[in-house]
Number of protein chains: 4
Amino acid sequence: MNANPASAMEEASIQQLISHFKNVRTLTETLCEPLVTEDYVIAPTAHIGSPIRWHLAHTSWFFETIILVHHVKGYQEFHPQYNFFFNSYYVQLGEKQDRTQRAFVSRPTVAEIYEYRKYVTEHMLQLMDNLDEAQWAELESIITIGIHHEQQHQELMITDIKHIFWNNPLRPVYKSRDIEVSSEIPSLDWHRIEAGNYWIGHEGDGFAYDNESGRHQQYVGDFELSNRLVTNGEFLQFIEDRGYEKATYWLDAGWDTIQEQGWNKPYYWEKRDDGWWQMTMAGMQPVNPAEPVSHISYFEADAYARWAGVRLPTEAEWEVASTQVPMEGNFVESSLLEPTMSKTSGLSQMFGDVWEWTQSHYSPYPGYAAPAGALGEYNGKFMCGSFVLRGGSCATSVTHIRPTYRNFFAPHVRWQYSGIRLARSL
Amino acid sequence: MNANPASAMEEASIQQLISHFKNVRTLTETLCEPLVTEDYVIAPTAHIGSPIRWHLAHTSWFFETIILVHHVKGYQEFHPQYNFFFNSYYVQLGEKQDRTQRAFVSRPTVAEIYEYRKYVTEHMLQLMDNLDEAQWAELESIITIGIHHEQQHQELMITDIKHIFWNNPLRPVYKSRDIEVSSEIPSLDWHRIEAGNYWIGHEGDGFAYDNESGRHQQYVGDFELSNRLVTNGEFLQFIEDRGYEKATYWLDAGWDTIQEQGWNKPYYWEKRDDGWWQMTMAGMQPVNPAEPVSHISYFEADAYARWAGVRLPTEAEWEVASTQVPMEGNFVESSLLEPTMSKTSGLSQMFGDVWEWTQSHYSPYPGYAAPAGALGEYNGKFMCGSFVLRGGSCATSVTHIRPTYRNFFAPHVRWQYSGIRLARSL
Amino acid sequence: MNANPASAMEEASIQQLISHFKNVRTLTETLCEPLVTEDYVIAPTAHIGSPIRWHLAHTSWFFETIILVHHVKGYQEFHPQYNFFFNSYYVQLGEKQDRTQRAFVSRPTVAEIYEYRKYVTEHMLQLMDNLDEAQWAELESIITIGIHHEQQHQELMITDIKHIFWNNPLRPVYKSRDIEVSSEIPSLDWHRIEAGNYWIGHEGDGFAYDNESGRHQQYVGDFELSNRLVTNGEFLQFIEDRGYEKATYWLDAGWDTIQEQGWNKPYYWEKRDDGWWQMTMAGMQPVNPAEPVSHISYFEADAYARWAGVRLPTEAEWEVASTQVPMEGNFVESSLLEPTMSKTSGLSQMFGDVWEWTQSHYSPYPGYAAPAGALGEYNGKFMCGSFVLRGGSCATSVTHIRPTYRNFFAPHVRWQYSGIRLARSL
Amino acid sequence: MNANPASAMEEASIQQLISHFKNVRTLTETLCEPLVTEDYVIAPTAHIGSPIRWHLAHTSWFFETIILVHHVKGYQEFHPQYNFFFNSYYVQLGEKQDRTQRAFVSRPTVAEIYEYRKYVTEHMLQLMDNLDEAQWAELESIITIGIHHEQQHQELMITDIKHIFWNNPLRPVYKSRDIEVSSEIPSLDWHRIEAGNYWIGHEGDGFAYDNESGRHQQYVGDFELSNRLVTNGEFLQFIEDRGYEKATYWLDAGWDTIQEQGWNKPYYWEKRDDGWWQMTMAGMQPVNPAEPVSHISYFEADAYARWAGVRLPTEAEWEVASTQVPMEGNFVESSLLEPTMSKTSGLSQMFGDVWEWTQSHYSPYPGYAAPAGALGEYNGKFMCGSFVLRGGSCATSVTHIRPTYRNFFAPHVRWQYSGIRLARSL
């Protein structure tokens, strides 16, 4: 019996959280339905991503380690060694397996990991069902982080699976898809925003990560954003104009990278006798010139913009513009798992489809301070050398994204759904 | 109908070959019985060994590519891409997947690979059941190579599984085993051989690899071999005498290796509060001082011998001595899968238990010429920088080994059952 | 004879430029006076810096390739292969030697390179002596860039020499120095700046690099800067508090770096029985607790600030504050070549002594566009992954620095005179 | 005054030793005469060879450390840190600088190193001038090793200089040379040797390295050696027959190496519009088809032999054959420093011109034991993975070579004068 039961309003919030929790836990497993056991075990490559079995376990470990062991009396860890196996990068949470070793363990088995998930889910539900007022105050935000954490891993799972299937010469199909016939899309146009001091960063009661704070004023000059994403067809012009061969379009580090890696096309593209094809979640398909180009590194996005005579937006510019449109788009809920054509006039595709590279390095906002404890390691310690992406992708949940959401990756990363929005100053 | 049916004597030989073929194909699968699907998929490490699913397929690929596609009219390959996946190192047999990629493919699945095995086995049996005289003459030796090739991979599978299980902090048990209580073993003694010109290399009708030819005379001076293998207890003295810390015992490349790798004990040993333990096929077990030391690199074997004031045998010395004892020992057929104590007086343990490092680099015998065609790549192209091991191990089949058998590995390799036989000149 | 001779005012400017040019060219050579031939030839390490002979030639190559070959009729290059040897990173200026090869060429000799310098200097002087109005308009800024370019290399030469001498166990002395006895320095205090929209970036006629444009408004919140640089004594407290051992103070990439590299002290420090010593241009000397800590990476500066409960300034904050103090300090002109104690109250040491790491990634200012042609490669293509440093150091010339000057290095770099200024928000 | 003065016969030997010592010390410096200071300082590459200044010092260090400090009472080391700088690989002789650092120290200067040489030479002469009988017995062999050690480094100096000059796009000339006009050379023929038990290894009083012992019987079958070395013209046929592109000619490790390194011609060859040129000590010169091919790795020599349908000799075969011809040839004394055409019929070019790769791995002879102490590290610890070369080259002194002399290098090494002698079994 709880000393101080939750109020009715709280009770409604709790039920909403429980519902969100259940939905997210379920979706993770739904996403795995097309997989066979072998697909769970391997890593995408030696350097990118993690085995699916690891994601399944790690997202449960997060709830177990951050919440259950601290907030459930007498809670028994599912297995004493799982903390070692499934801690990702939290140095405050004990010894962990080296990341590169994830691909070299076959056990715990997939079935055991599903047992682990079930065990954690049940204990979490039990905990949430019995929260008193004080616990609710303490745990609401942490549980919410756990849910959003799992949503981030859903995206990684999708992109890891895509990579695993691409890396296999058999090129398996995750989910077949009717090829959309190329049709009219809006021509490239510019959406203007006036200069001024804008407030940037998260505000209000809703959930946001720590890196979206502190909210602060920022002066932004007059600028324009392109009305839609850069398409495959447009990017093909860059290729055909030998954009990958002219150093002047590239950052120094980008030029070094494309030389070393031999890059001369988007990650999943492949030239065949009958034209360009690309790996999709539906297997190999012809490149549709009207769809947004995807799996583009920052280096390539930046070079493309320079070739086009414009530039990438700053994250502030993107955020200011994004508040002018509804938060709708092609998210994981559409089940397409690939970006699609722009279908509306005006500023479109700001949310969903592909993450949009900004020219902003990932740095702390004014007044930012990482939280105390292990969750302080979630975001802050990565503020070095990465670039910010905005808007979510076709692998993101609509319940996960916000205008202020700051995703970030190193500039050479290509295995995410990442594409190009253009900007120019006036 | 065959133009020229096989004679009765040939028929007996064919039946024997079929029986050998069946036994070996079955044993490969029997060895996998303790595994779950996940165990088949991962590689031991990024650098050593191959996934078990790959071994299962590769040993079938060998029969399909070397024999079935050439000698069965209208033979349909099981899958057009399997040659790419399961060719190991035969440059004459078409494009192949990079070795390091074996750990990053999840398909074909384990079930599909078992189908592949079944398909190949059936076609091989059909072929063998209908051989005429001419085909028999042409195919007997190639089929025999295919059988021995699979036996070599059985050894690799056992040592790869051992490595996979060791590399996993859960340290799974492949097959439980009653710990043998340490008891009396023969004290170290010396077995003398007279100087003279000896014939070295394979002779006669039985099967042998090309690298055991040409048979040739070799002058060998007076020498002595130790009557048994070096034990864990003896090797422990080397450790306790700080053998890993004194450069003068080591080859220059060996010293560099142990510095870089931080080696200071045999591969699978682990020091605990209650003494030394080691990984075995039965999981972690206390080190038994009476059993042969195993999983020793050439560098360590050589350093141990120098510390002991003696040396390793040459392969000629080993071969001369080995002909004086019966070809008996602790082989895979004993199902122990670990080396055991010497139980007999006189020259013992020459066969089975652990491969014995010789001081001989792996070079061609006089008159050696690699066969024409892809099988010429089986042995000859590796005659550079490796050292010869002799006598087979507890993972070797008694039907696979011979006194003239030349195994070889690079001097830093430790994941095989490899140990130490001592020698000295007089 | 010139069609349109320079006006009197231009003539004065030209004479000033000539004088600046001469002084800078002379200083480069003066800095080399303590060297023997051998010191010119080697590189500091395989990864950092360049041989001194290369700096001497490259700074001449810049004038030759950017100016003389284009603007002097019939100009004869000193040597046809020097463009290959001495082009640093300008892809538009032809094939160049790989950077790592600079340490592996012994010729052209040092004497030949001095000849080259003389040849280029004389042709530059001849050119400048005869500029007409149109040429002056065209060349003034380019010549000025060449001069500042050489000044940048003077700094690199000093820090490369320091590294070369440190890397040699003989620890040679570049120039002996009387050890300054530690005395009173101002206690750490905070200098407050009011929030507001500030103009950031270069303005006016004076020389500035392209990366200091475009000048733009930026909103800066209330903040405070520490009145002086962090001292050796203060940094020692961080070490003694085991700052290098606690992951929570460090960026993730910083923590990885200090683990891999084994960093646990500033670059040139060395612990001896009688306390801490450090390499200086005067050889090994005891660490003076009152002097600014130097040769600190961004990772260390950032970790120190977090340990101290504050943060590093942004580059905008630094620039706003710097305009409140005179541009005076311990520059290369003082010939100390090491940072010294703060001697004044109030905001001190903003210029000279050590470059001050800011928390700002090196990104383009709003409206920034790299110039056309080879000079466009000077700055813009490096705007990825580095951090901005401000204020110059004891190796910088007072004629080279400005409040708006943006230096930048990767976050692990330590061979420059780089130190710590603290900031905090209010 | 000596207790027991040397006898007259000893005195003659001593004088001979002194003379040999003086000549060798002088030659080392003579070889450096064409160099400028800068040439002494750099290393050939990051991976091969050492700076010339290091060779000059190391050969003096050897005498100082092995002899002077132990055998001259009150001997004062020239500098306390030189042991650290100039010890190559003797772990028993104290801490030493990492090999890769040799290229990154500019001091001690070249002049100081010449002072060091002079100091050591004078003390050695003083010591030798006053040897009594007992000292002579003890020191003769060690001094002789020191002399031969310096001769080995003379060879390395020549090949390091050649590499340094080749690596520099200016391609300096060490010593100009009249190009020999191509003329008749003997056609390739075979020299037959009868099978039998031969004695192999060093015998008698003359100097030999430890690795030439123990002398032992070896049975050698009937074989033939090619009468002369393989020429550039013959090797060119291998290239034109696409020998570098056909895996079947190559060892597995060799094939990997040429793929990784992009090898498709001998090390110093360069294709120009007017045909093949090669770097020589006289700068770039056209490849003379009649001269022996040189700067060939074991991998290439072995592949060439396989392409030619024959093989490389074993070292025993080579040694047996070499005793049938006089020890004459194109040595360093001829001052050509490049191999030349065969001018005699019968078995020719066995000594000098180029080192001849044998198919023998470098292993200990029967009964070989490394000497006690530091000199035991001279040869024995390298008996792993290298191949034996025989006969000396144009950079070897005639006073340094013997029929039993065993040189050895890793199979990928190409910067030595190394070429091809063919063999075949009968």
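Residues numbered from 1 in each chain as written. Chains lettered and ligands numbered in written order. Predicted model: local features only at pLDDT ≥ 70, side-chain atom pairs only at ≥ 80, totals over all residues. Heavy atoms only, no water.

Q: Would you explain the overall build of chain A in this entry?
A: Within chain A, the secondary structure is distributed over 10 helices and 14 strands. Over its C-alpha atoms chain A spans a radius of gyration of 22 Å, differing by no more than 12% from the 22 Å that the globule rule assigns to 426 residues. Once the C-alpha set of chain A is aligned to its principal axes, its extents read approximately 70 × 55 × 40 Å. Of the contacts formed within chain A by residues at least 6 apart in sequence, a portion of 79% connects residues at least 24 apart. Carbon and sulfur atoms provide 50% of the accessible area of chain A, an area that totals close to 16,400 Å². Of the side-chain charges in chain A, 32 are positive and 54 negative, and the distance between the mean point of each set is 4 Å. (Helix = DSSP H or I, 4+ residues; strand = E, 2+ residues; numbered from the N terminus. Rg over C-alpha atoms; globule rule 2.2 N^0.38 Å. Contact = heavy atoms within 4.5 Å. Areas by Shrake-Rupley, 256 points an atom, 1.4 Å probe, with all protein chains shown as cover. Lys, Arg positive; Asp, Glu negative; His and termini not counted. Charge placed at Lys NZ, Arg CZ, Asp CG, Glu CD.)

Q: Help me understand helix H7 (residues 232-240) of chain C, please; the structure alone is not making it clear to me.
A: Note on helix geometry: an α-helix contains 3.6 residues per turn, so any two residues three or four positions apart are oriented the same way. All names here are of chain C. Turning to H7, its buried residues number three or more, namely Asn-232, Gly-233, Glu-234, Phe-235, Phe-238 and Ile-239. Buried positions along H7 lie against strand S5 (269-272), strand S6 (275-280) and helix H9 (298-307). At the C-terminal side of H7, Arg-242 shows a positive phi close to 60 degrees. (Buried < 20%, exposed > 50% of the residue type's maximum accessible area, 1.4 Å probe, protein only.)

Q: Before we go on, may I ask you to explain the domain arrangement of chain A in this structure?
A: A common way to state how big an interface is: give the accessible area lost once the parts meet. Residue and element names in this part refer to chain A. Split into domains, chain A comes out as domain 1 (8-167) and domain 2 (190-425). Look at where the C-alpha atoms of domain 1 and domain 2 centre, and you get two points 27 Å apart. With 28 residues of domain 1 at the interface, the matching set in domain 2 holds 30 residues. Area buried by domain 1 at its contact with domain 2 is led by Glu-155, Lys-162 and Trp-166, which between them contribute 27% of it. A salt bridge links Glu-338 to Lys-162; the shortest N-O distance between them is 3.0 Å. Residue assignment for the side of domain 1 that touches domain 2 shows that the elements contributing at least two residues are helix H1 (8-31), helix H3 (52-71) and helix H6 (133-167). Grouping the amino acids of the side of domain 1 that touches domain 2 by side-chain chemistry returns 15 nonpolar, 10 polar and three charged. (Domains from an automatic or database assignment. Buried area = accessible area lost by both parts, 1.4 Å probe. Salt bridge = Lys/Arg side-chain N within 4 Å of Asp/Glu carboxyl O. Nonpolar A, V, L, I, M, F, W, Y, C, P; charged D, E, K, R; others polar.)

Q: I tried to follow the relation of the copies chain D and chain C on my own but got confused; where do I start?
A: Put simply, the second copy of the chain is the first one after a rotation about an axis and a shift along it. Expressed as a screw operation, the relation of chain D to chain C combines 0.1 Å of axial shift with a rotation of 180 degrees, fitting to an RMSD of 0.0 Å. Taken together, the turn and the small shift mark the pair as related by a two-fold rotation axis. Same-surface contact between copies: 100% of interface residues of chain D are shared with the interface of chain C. (Least-squares fit on C-alpha atoms with pLDDT ≥ 70 in both.)

Q: What is the right way to read the sheet that holds S6(C) from this model?
A: Strand pairing in a sheet relies on backbone hydrogen bonds. The paired strands run either parallel or antiparallel. Residue and element names in this part refer to chain C. The strand order S5-S6-S7 describes an open sheet built from three strands, whose pairing is antiparallel. Of all the strands in the sheet, the pair left with one neighbour each is S5 and strand S7 (283-286). Within this sheet the neighbouring strands show an average axis-to-axis angle of 35 degrees, counted without direction. Where S5 and S6 come together, four bridges link them in antiparallel fashion. Bridge pairing links Arg-272 to Gly-275 in S6. (Pairing = 2+ DSSP bridges. Axes fitted to C-alpha atoms, helices over the stretch in contact; angles between N-to-C directions.)

Q: Mind showing me how you'd approach the relation of the copies chain A and chain B here?
A: Overlay of chain A on chain B (RMSD 0.0 Å): rotation 180 degrees, translation along the axis 0.0 Å. Here 100% of the interface residues in chain A have copies in chain B that are interface residues too; the copies meet face to matching face.

Q: Help me out: how do you make sense of the arrangement of the chains in this one?
A: Nothing in chain B touches chain C, and the closest approach of their C-alpha atoms is 14 Å. Nothing in chain A touches chain D, and the closest approach of their C-alpha atoms is 14 Å.

Q: For this particular structure, what's the right way to read the interface of chain D and chain C?
A: With 33 residues of chain D at the contact, the number on the chain C side is 33 residues. Across the chain D to chain C interface the summed buried area is about 2,600 Å²; carbon plus sulfur atoms make up 61%. When the buried area of chain D at its contact with chain C is split by residue, Glu38(D), Phe104(D) and Arg107(D) rank highest and sum to 29% of it. On the surface where chain D and chain C come into contact, there are two salt bridges.

Q: Explain the sheet that holds strand S5 (residues 269-272) of chain B here, please?
A: Residues and elements named next belong to chain B. Ordered by their spatial adjacency, three strands build an open sheet running S5-S6-S7, and the pairing between neighbours is antiparallel. Looking at the sheet topology across the chains shown, the edges are occupied by S5 and strand S7 (283-286). Sheet twist, expressed as the average angle between the axes of neighbouring strands with direction ignored, equals 35 degrees. The pairing of strand S6 (residues 275-280) with S7 spans four bridges and is classified as antiparallel.

Q: Honestly, the packing of aromatic side chains in this entry has me stumped. Any pointers?
A: Counted under the stated rule, the structure contains 164 aromatic pairs over all chains. Relative to Trp250(A), the ring of Tyr244(A) lies with its centre 5.5 Å away and its plane at 35 degrees, an arrangement referred to as tilted. Here Tyr244(A) and Trp250(A) have matching classes, each one buried. For the ring pair Trp269(B) and Trp276(B), a centre distance of 5.3 Å and an interplane angle of 55 degrees mean the geometry is tilted. Side by side, Trp269(B) and Trp276(B) carry an identical accessibility label, which is buried. (Phe/Tyr/Trp six-rings, centres within 6.5 Å; stacked < 30°, edge-to-face > 60°.)

Q: What is the right way to read the environment of His149(B) from this model?
A: Residue position: His149(B) is located in helix H6 (residues 133-167). Placed 117 residues apart in sequence, His149(B) and Cys32(B) show a C-alpha to C-alpha distance of 17 Å.

Q: Is there a simple way to explain the interface of chain A and chain B in this structure?
A: Taken residue by residue, the interface counts 33 residues in chain A and 33 residues in chain B. Taken together, both faces of the contact between chain A and chain B bury some 2,600 Å²; the carbon and sulfur share is 61%. Its largest share of buried area at the contact with chain B, chain A owes to Glu38(A), Phe104(A) and Arg107(A), together 29% of the area lost on that side. Here Asp39(B) ties to Arg107(A) by a salt bridge, and the two come within 2.4 Å at their closest N and O atoms. Across the contact surface, chain A and chain B share 12 residue pairs in polar contact (both at pLDDT 80 or more). (Polar contact = N/O pair within 3.5 Å; in protein donor to acceptor, adjacent residues only side chain to side chain.)

Q: Looking at this model, I keep getting lost on unusual backbone geometry. Mind explaining?
A: Most peptide bonds take the trans configuration, and most residues that are not glycine carry a negative phi. Residues and elements named next belong to chain B. Residue Arg-107 is joined to Pro-108 through a cis peptide bond whose omega torsion reads 0 degrees. Within the secondary structure layout, Pro-108 lies in the loop between helix H4 (82-86) and helix H5 (110-129). Not every positive phi belongs to a glycine, and Arg-242 is a case in point at roughly 60 degrees. Here Arg-242 lies in the loop between helix H7 (232-240) and helix H8 (252-261).

Q: Help me understand the pattern of salt bridges, please; the structure alone is not making it clear to me.
A: Any two side chains of opposite charge can pair, so long as their charged atoms come close to each other. The tally for this structure, following the rule as stated, stands at 95 salt bridges over all chains. As a salt-bridge pair, Glu150(B) and Arg117(B) come within 2.8 Å of each other at their nearest N and O atoms. Here Glu150(B), found in helix H6, pairs with Arg117(B), found in helix H5; they are 33 residues apart in sequence, far enough to count as distant. Each member of the pair, Glu150(B) as well as Arg117(B), is classed as buried. For Glu291(D), the salt bridge is made with Arg177(D), and the minimal N-O distance between the two is 3.4 Å. Here Arg177(D) lies in the loop between helix H6 (133-167) and strand S1 (190-193) and Glu291(D) lies in the loop between strand S7 (283-286) and helix H9 (298-307), a separation of 114 residues in the sequence. Arg177(D) matches Glu291(D) in its accessibility class, with the two residues each being buried. A single network of salt bridges, built from pairs that share partners, joins Arg25(A), Glu29(A), Arg117(A) and Glu150(A).

Q: What is the right way to read the state of the cysteines from this model?
A: Where two cysteines share a covalent bond between their sulfur atoms, that bond is called a disulfide. All names here are of chain A. As enumerated under the stated definition, the model contains zero disulfides over all chains in all. In this model Cys-32 remains outside any disulfide bridge; the closest cysteine sulfur is found in Cys-394, 17 Å from its own. When its relative accessible area of 1% is taken as the criterion, Cys-32 is described as buried. (Disulfide = S-S within 2.5 Å.)

Q: Just to check I follow, could you spell out the side chain of Arg421(C) for this structure?
A: Residue and element names in this part refer to chain C. Residue placement: Arg-421 occurs in the loop between strand S13 (418-419) and strand S14 (423-425). A polar contact of 2.8 Å, which involves the side chain of Arg-421, links it to the backbone oxygen of Ser-226. In this structure the side chain of Arg-421 is engaged in a polar contact, spanning 3.2 Å, whose partner is the backbone oxygen of Gln-349. When residues no more than four places from it in sequence are discounted, the contact partners of Arg-421 are Leu-225, Ser-226, Asn-227, Arg-228, Leu-229, Leu-312, Pro-313, Leu-347, Ser-348, Gln-349, Met-350 and Glu-356.

Q: What is the right way to read the pairing of strand S11 (residues 387-390) of chain C from this model?
A: Residues in a regular strand project their side chains so that they alternate between the two faces of the sheet. All names here are of chain C. Burial of S11 is two-sided: the residues Phe-387 and Leu-389 facing one way and the residues Val-388 and Arg-390 facing the other way are all buried. Across three bridges, the pairing between strand S10 (residues 355-361) and S11 is antiparallel. Bridged to Trp-357 within S11 is Leu-389. Bridge count between S11 and strand S12 (residues 407-409): three bridges; the pairing is antiparallel. Among the inter-strand pairings, Val-388 is bridged to a residue of S12, identified as Phe-408.

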